[in-house]
Amino acid sequence: MATETLPHPGTTSVARGTRPYDLVREFAIALVAVALLTLGLSLAFSSPDDKALTMRAWADAAPNDVVATATAELAGTSASATYGPPYNNNGAGQNLLGVPLQGWGGVRIPVNSADLILQPLSDAAPTNRPVARALNRWSAAPAPRQTAWAQRYADALTKAPGGAPTAVAPGRYGPVPELANGFLIVARSGGLEGSLTSSGTFYGGDQTRALLLLSDGAYLENHARAMQLGGDQWGMMNETGNYPGQPWLWLYTFWYQVPPFSTSDNADAQVWALMALLTLALVLLPLIPGLRSIPRWVPVHRLIWRSYYRTRTRPRPASPRL
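Residues numbered from 1 in each chain as written. Predicted model: local features only at pLDDT ≥ 70, side-chain atom pairs only at ≥ 80, totals over all residues. Heavy atoms only, no water.

### Let's talk about the overall build of the protein
Broken down by element type, the protein carries 16 helices and two strands. Residue burial in the protein is summarised as follows: out of 322 residues, 28% are buried. A sequence separation of at least 24 residues applies to 50% of the contacts in the protein between residues at least 6 apart. Working note: accessible area of the protein is about 21600 Å², and carbon and sulfur atoms make up 62% of it. (Helix = DSSP H or I, 4+ residues; strand = E, 2+ residues; numbered from the N terminus. Buried < 20%, exposed > 50% of the residue type's maximum accessible area, 1.4 Å probe, protein only. Contact = heavy atoms within 4.5 Å. Areas by Shrake-Rupley, 256 points an atom, 1.4 Å probe, with all protein chains shown as cover.)

### What about the environment of tryptophan 138?
Position of tryptophan 138 among the secondary structure elements: in helix α6 (residues 129-140). Given the relative accessible area of 4%, tryptophan 138 is considered buried. Expressed as a C-alpha distance, the spacing of tryptophan 138 and valine 176, which sit 38 residues apart in the sequence, is 8.0 Å. In contact with tryptophan 138, not counting residues within four places along its chain, are Leu74, Leu118, Gln146, Trp149, Pro175, Val176 and Leu179.

### Things to note about the side chain of asparagine 128
By the secondary structure assignment, asparagine 128 is in the loop between α5 (115-124) and α6. You can call asparagine 128 buried: its relative accessible area is 19%. A distance of 3.2 Å separates the side chain of asparagine 128 from the backbone nitrogen of valine 131, its partner in a polar contact. (Polar contact = N/O pair within 3.5 Å; in protein donor to acceptor, adjacent residues only side chain to side chain.)

### Structural notes on the packing of aromatic side chains
In this structure the tally under the stated criterion is seven aromatic pairs. An angle of 70 degrees between the planes, with centres 5.0 Å apart, marks the rings of phenylalanine 254 and tryptophan 255 as edge-to-face. Using a relative accessible area of 27% as the deciding quantity, one classes phenylalanine 254 as partly exposed. Ring geometry for tyrosine 308 against tyrosine 309: centres 5.2 Å apart, planes inclined by 80 degrees, an arrangement best described as edge-to-face. The partly exposed category is assigned to tyrosine 308, whose relative accessible area is 41%. With a relative accessible area of 21%, tyrosine 309 lands in the partly exposed category. A cation sits over an aromatic face here: arginine 137 above tryptophan 149, 5.2 Å from the ring centre. (Phe/Tyr/Trp six-rings, centres within 6.5 Å; stacked < 30°, edge-to-face > 60°. Lys NZ or Arg CZ within 6 Å of the ring centre and 35° of its normal.)

### Regarding the packing of helix α3 (residues 63-75) against helix α8 (residues 176-189)
Close contact between α3 and α8 brings their axes to 9 Å; oriented N to C, the two are set at 125 degrees. Compared by their axis directions, α3 and α8 come out oblique. The hand of the α3/α8 crossing is right-handed. Along the contact surface, α3 presents Pro63, Val66, Val67, Ala70, Thr71 and Leu74, while α8 presents Val176, Leu179, Ala180, Phe183, Leu184 and Arg188. In terms of residue class, the contact of α3 with α8 is made up of ten nonpolar, one polar and one charged. (Axes fitted to C-alpha atoms, helices over the stretch in contact; angles between N-to-C directions. Parallel < 35°, antiparallel > 145°, perpendicular 65-115°, else oblique. Left-handed = near helix turned anticlockwise from the far one by under 90°. Nonpolar A, V, L, I, M, F, W, Y, C, P; charged D, E, K, R; others polar.)

### Points about the pattern of salt bridges
In the structure shown here, the tally under the stated rule is one salt bridge. Note that arginine 225 and glutamate 221 form a salt bridge whose closest N and O atoms lie 3.6 Å from each other. Taken together, the residues arginine 225 and glutamate 221, both in helix α11 (residues 219-226) and four residues apart, mark about one turn of the helix. Judged by its relative accessible area of 32%, arginine 225 falls in the partly exposed class. In this structure glutamate 221 comes out as partly exposed when scored by relative accessible area, which is 40%. (Salt bridge = Lys/Arg side-chain N within 4 Å of Asp/Glu carboxyl O.)

### Observations concerning the environment of leucine 213
Mapping leucine 213 onto the fold places it in helix α10 (residues 208-216). You can call leucine 213 buried: its relative accessible area is 0%. Each C-alpha atom of the pair leucine 213 and valine 66 lies 9.5 Å from the other, and the pair is 147 residues apart in sequence. With near-sequence residues (within four places) excluded, leucine 213 lies in contact with Met55, Trp58, Thr69, Glu73, Leu116, Ile117, Phe183, Leu192 and Leu196.

So this is what it looks like as structure tokens:
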């Protein structure tokens, strides 16, 4: 076989001769090497696949935070209530060089923060008379009075030791304490997710309102920071379920850790614009003078395919004269 001049399946051509090789052996070696490499890298760099946080776990672990969050939603002072588009018009949103990008998008997913509390309570009202009475009193009051009740109770919770509702000083809070306590009961029952994720169809899969409510409290933030996942930390976590994780987002999240993005109120828009420019540069790389010549200046490919280039550059023997 080594003296044949024409290659055939199972051989590779070198100059004018051939040499045999085993495709099955090469495949087996590559498979084992990649498997060991994958296993080693996963042990060293993999992220924990923790179970998803639930409203019930939130209520069991931090009941005072649930009550404070419910009160903030009713008062319209939570993070989501003042966020702006695409949920409401209560905030200016992100801009880039004065261009209101977030405002241009408009309110596409309208969310009333008070409804995050009132809807689950309305679902529970038929079996909870105190909640039903509190809801009726709340609905009968004008909006300014509702806001005043909730704001006073929120201030009282802040002053109470440990934010405990049982330690709140007496005051004119209207039905807000009953609503907040009823919301805590619903959360502990495990029925809050179903009420918030229902989208009018048999399968309720829209997690927007549930995630907004959970992020408005301190429980999610504290849990994230304990796992090095805070906004000013460098950790990463797998996405929900068995979907691919977030390592492919490392460059996107990297910019949030360095100035000026780390201190900017418009970091989202600025990072988006920077990544758009970097992506455009990658797409146009073959057309950009200088950058397109990097492979010629740094010939890493010649090191990888050195056997090919060694035979390619070898001088050919002179043809005999006839």
